[in-house]
Amino acid sequence: YEFNLRHNSRHTAWNASYSINATTTNGMQQSNSVVGLINPSSQINNINFLFPTLQAEVYILKQAQVGVTRQLREGEATFSAYQLRREFQSSGQTNNSYGVRGALSWKLSARGKVSLDGQWARYSANRSVGRYDYLLGDVDYTHQLSQRVSTTLQYRRLVNINQGGGGYAEDVISGFLNVQL
């Protein structure tokens, strides 16, 4: 089921949602097989083989989200928070993630717009060691070439802030050509 609440005023849009869905995922699991072989000295040697098998698992997905968007003179600002929980039915494992996001978009000219987006997220699972905190930020520039065609240049940075020695970081630069048919 799903619950949505929205409220619009002159310059702001508020929203809150909660949903529960049952869904499936596929994963790889290793099955063990032992084979006995007789060597030239007539002794039996056991050899252990691992075979991957595909296993489907059902989980309950619970999502909650709240947010507000404020219209500005030449753009908009958004703030939101979310929580996501997966409860796996056969393994009993639970995965959690939650975070906050802030975004700002600004119209630079009649055809150009810049967007800044920042997010902090935490992921944890009851069978893994520790929890993982991520910072994600991106800067986009979109230019409208015609009524149905635009281009976007995006820089995105993802950083895992839990690992010692600087942690994991990923930088991505992307270019897009957007066409509406």
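Placed above this text is the structure.
These numbers were taken from a predicted model, which means no experiment stands behind them. (Residues numbered from 1 in each chain as written. Predicted model: local features only at pLDDT ≥ 70, side-chain atom pairs only at ≥ 80, totals over all residues. Heavy atoms only, no water.)

### Comments concerning the overall build of the chain
Across its full length, the chain carries zero helices and nine strands. In the chain, the order of α-helices and β-strands from amino to carboxyl end is β-β-β-β-β-β-β-β-β. Within the chain, the fraction of its 181 residues that count as buried is 19%. Pairs at least 24 apart in sequence give 43% of the contacts found in the chain among residues at least 6 apart. (Helix = DSSP H or I, 4+ residues; strand = E, 2+ residues; numbered from the N terminus. Buried < 20%, exposed > 50% of the residue type's maximum accessible area, 1.4 Å probe, protein only. Contact = heavy atoms within 4.5 Å.)

### Looking at the environment of Ser174
Secondary-structure assignment places Ser174 in strand β9 (residues 169–179). Measuring from C-alpha to C-alpha, the distance between Ser174 and Thr152 comes to 8.1 Å, with 22 residues separating the pair along the chain. Residues within four places of Ser174 in sequence aside, it is in contact with Thr152, Leu153 and Gln154.

### Observations concerning the side chain of Asn160
For Asn160, the position within the fold is in strand β8 (residues 149–160). We classify Asn160 as buried; its relative accessible area is 2%. Discounting chain neighbours no more than four positions away, the residues touching Asn160 are Tyr132, Asp133, Tyr134, Gly167 and Tyr168.

### Observations concerning the pairing of strand β7 (residues 131–144)
The pairing of strand β6 (residues 112–125) with β7 spans 13 bridges and is classified as antiparallel. Bridge pairing in β7 places Leu116 opposite Val139. The turn joining β7 and β8, which pair antiparallel and follow one another in sequence, is formed by four residues. (Pairing = 2+ DSSP bridges.)

### Details of the environment of Asn15
Looking at the secondary structure, you find Asn15 in strand β2 (residues 12–38). You can call Asn15 partly exposed: its relative accessible area is 26%. Measuring from C-alpha to C-alpha, the distance between Asn15 and Leu5 comes to 5.6 Å, with 10 residues separating the pair along the chain. Not counting chain neighbours up to four residues away, the residues in contact with Asn15 comprise Leu5, Arg6, Gln65, Val66 and Gly67. Here Gln65 takes part through its side chain, which lies 3.5 Å from a polar atom of the side chain of Asn15. (Polar contact = N/O pair within 3.5 Å; in protein donor to acceptor, adjacent residues only side chain to side chain.)

### Observations concerning the packing of aromatic side chains
Within the structure shown, the criterion is met by four aromatic pairs. Plain terms: the ring middles of Tyr1 and Tyr18 are 6.4 Å apart, the flat faces sit at 50 degrees to each other, and that makes the pair tilted. With a gap of 17 residues between them, Tyr1 in the segment before β1 (2–8) and Tyr18 in strand β2 connect regions that are remote in the sequence. Relative accessible area serves as the criterion here: at 62%, Tyr1 is assigned to the exposed category. Classification of Tyr18 as partly exposed rests on a relative accessible area of 30%. (Phe/Tyr/Trp six-rings, centres within 6.5 Å; stacked < 30°, edge-to-face > 60°.)

### Let's talk about a nonpolar patch on the surface
A cluster of nonpolar side chains, Leu72, Leu104, Trp106, Leu108, Leu116, Val139, Tyr141, Leu153, Tyr155 and Ile173, forms an exposed patch at the surface whose accessible area comes to about 910 Å². By the secondary structure assignment, Tyr141 is in strand β7. By relative accessible area, which is 33% here, Tyr141 ends up partly exposed. (Patch = residues over 30% accessible without salt bridge, like charges linked within 9 Å, V, L, I, M, F, W, Y side chains within 5 Å. Areas by Shrake-Rupley, 256 points an atom, 1.4 Å probe, with all protein chains shown as cover. Salt bridge = Lys/Arg side-chain N within 4 Å of Asp/Glu carboxyl O.)

None of this, on its own, says anything about what the molecule does.
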